[in-house]
Structures are given as structure tokens and as C-alpha cells.
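Listed below, chain by chain, are the residues.
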Amino acid sequence: MKYKHIIWDWNGTLLNDRLFCIEIMNKVLSKRGMDKMTETWFLENFCFPVKEYYKKLGFDLEKEPFEISGDEFIHEYMERIQEPDLHSDAIDTMKYMDRMGITQSLLSASSQAMLDATIKFHQIEHFFIKVMGQDNHYAYGKEEMGKRWVNELNHGPHEILFVGDTLHDKEVADLIGADCALISHGHVSQSRLENTGAPVFGGLMEVLSWLKKIV
């Protein structure tokens with residue numbers, strides 16, 4: 001196998017929380033009398049930094065600090081953290097990597113607390129040699145954490161594949177020197193992902209089929 005290590009993104013990539021995130025954000029919007037978003041709008045506009053996504057939604061961050069609406073979203077998410085399921089092929093995909101002797105880690109823009117809670121609930125801790133979340137709820141720090149992790153791994157950058165579902169995941173992969181595969185079953189539309197130049201797949205099993213072809 002070309003790759004010795006897989007770095008997984010979490011939300012949208014392994015965890016099927018697209019509609020869950022839309023539902024919670026629409027609740028935050030409705031509380032303020034703001035227009036709700038559709039799934040199509042979300043796929044065409046979700047972005048990092050998350051603050052920019054909030055601006056696209058219509059939040060006036062000068063009148064109401066980002067931390068207020070951001071904390072409201074996170075509080076609701078954490079209260080219902082057991083509701084989103086893993087994508088149906090996530091377990092089988094990670095089991096295959098194990099059988100092939102490919103080590104796996106997880107790098108997320110989510111807070112470490114959120115990440116630890118959801119991974120423990122789904123009982124998948126054993127798949128990862130390292131789980132990396134942030135020390136905040138606002139999706140800051142993924143790039144620097146990724147760089148530090150690649151420096152710790154005993155692999156060349158192009159022996160590492162970063163698998164994610166957003167434009168930011170491609171940016172992180174480029175920054176750390178890893179190859180990148182993007183999946184369109186997450187938080188960003190297929191057309192936006194394709195514009196990054198990275199290979200784009202409809203699901204995790206498609207990623208596996210691609211990997212088998214490039215052995």
C-alpha cells in the first residue's frame with residue numbers, strides 16, 4: 001500500500017452530522033428571527049474559519065459577539081451528542097485499514113472534549129493511535145496541530161493520506177505535505193470539493209476502491 005498512515009477528519013467525514021448541524025443552527029437562527037438555511041445552502045456556503053460561515057448566515061458579529069451564537073450552537077450539539085450516527089461504511093473502512101497495517105489518527109476542528117465524548121460513545125477509540133481536537137469550540141488550530149503530528153510520525157508526508165470533507169481539509173493536507181482525498185457525503189458540495197483539485201469520492205467505500213487501485 002502506498003500509504004502508511006491515514007489522518008481522518010471527524011465531522012462529516014466519519015460522523016454523519018450534516019443534517020444534525022443544519023437542524024441545530026436553524027434553531028439558533030429562528031431564536032433570532034433570522035431566515036433558516038436549506039441543506040443546499042449549507043453545502044454551498046459552509047466554510048472555515050467558522051466565523052465567516054456565521055457571517056454568511058447573516059449574523060452581525062459587531063452587535064452580537066460570535067462567542068454567544070457559537071456557544072449556543074455548541075451547547076445544543078453537546079446536549080444531543082449521541083444522536084448523530086457514524087456513516088454506514090465508517091467501521092468497515094477503519095477495519096480494513098487495520099487489516100492492511102495502516103495506522104490511523106483523527107484530526108478535527110472540534111474541541112477535544114466534544115471529540116472524546118463522541119468517539120467514546122461510538123466505541124472506536126481503538127482504531128486511532130492519536131485523537132487530536134482543539135482546546136476551543138471555534139475550530140481554530142487544526143493546521144498547527146497537523147504540522148506537529150506529521151513531524152512526530154515516522155513516515156514521509158506522501159506516505160500519509162488526509163481524508164476529509166471540506167475545503168479546509170485540503171488546505172490542511174497541503175500545509176502538512178500529505179496527499180488528500182475528499183468525500184462529498186459531508187459538509188461541502190461535490191462541485192466545491194472538485195474545485196480543490198483533490199480526488200473526490202461519494203463515500204468511504206469509494207475511497208477504499210481507489211486505494212486498492214493505487215497499491
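Residues numbered from 1 in each chain as written. Predicted model: local features only at pLDDT ≥ 70, side-chain atom pairs only at ≥ 80, totals over all residues. Heavy atoms only, no water.

Some thoughts on the sheet that holds strand β7 (residues 179-183)
1) Next: In spatial order, the strands read β5-β4-β1-β6-β7-β8; together these six strands make up an open sheet with parallel pairing. For this open sheet the edge positions go to β5 (130-134) and β8 (200-201), each flanked by a neighbour on one side alone.
2) Next: Pairing geometry for β7 and β8, over two bridges, is parallel. Looking at β8, one finds that I183 is bridged to F201. (Pairing = 2+ DSSP bridges. Helix = DSSP H or I, 4+ residues; strand = E, 2+ residues; numbered from the N terminus.)

Side note on the nonpolar core
1) Next: Ranked by internal contacts, the top residues of the largest apolar core, which has 70 residues, are W8, W10, L14, M25, Y53, F73 and Y77.
2) Next: The greatest single-element share of this core, amounting to seven residues, is contributed by helix α1 (residues 18-31).
3) Next: Setting aside anything within four residues of it in sequence, one finds Y77 in contact with N11, L15, D17, F20, C21, I24, P84 and M114. (Core = buried A, V, L, I, M, F, W, Y, C linked by side-chain atoms within 4.5 Å. Buried < 20%, exposed > 50% of the residue type's maximum accessible area, 1.4 Å probe, protein only. Contact = heavy atoms within 4.5 Å.)

Thoughts on the packing of helix α7 (residues 142-152) against helix α8 (residues 167-176)
1) Next: For the pair α7 and α8, the least separation of the axes is 9 Å and the interaxial angle reads 40°. Considering their axes alone, α7 and α8 lie oblique with respect to each other. Seen from above, α7 lies across α8 with right-handed handedness. Here α7 contributes K142, E143, G146, K147 and V150 to the contact with α8, which in turn contributes H168, D169, V172, L175 and I176.
2) Next: Across the contact of α7 with α8, the residue classes tally to four nonpolar, two polar and four charged. (Axes fitted to C-alpha atoms, helices over the stretch in contact; angles between N-to-C directions. Parallel < 35°, antiparallel > 145°, perpendicular 65-115°, else oblique. Left-handed = near helix turned anticlockwise from the far one by under 90°. Nonpolar A, V, L, I, M, F, W, Y, C, P; charged D, E, K, R; others polar.)

Observations concerning the packing of α1 against helix α4 (residues 66-79)
1) Next: The interhelical angle for the contact between α1 and α4, taken along N-to-C directions, is 135°, at an axis separation of 10 Å. Taken together, the axes of α1 and α4 lie oblique to each other. Every pair of crossing elements has a handedness; the one defined by α1 and α4 is right-handed. In this structure, α1 uses F20, C21, I24, M25, K27, V28 and K31 to contact α4, whose residues at the interface are S69, E72, F73, E76 and Y77.

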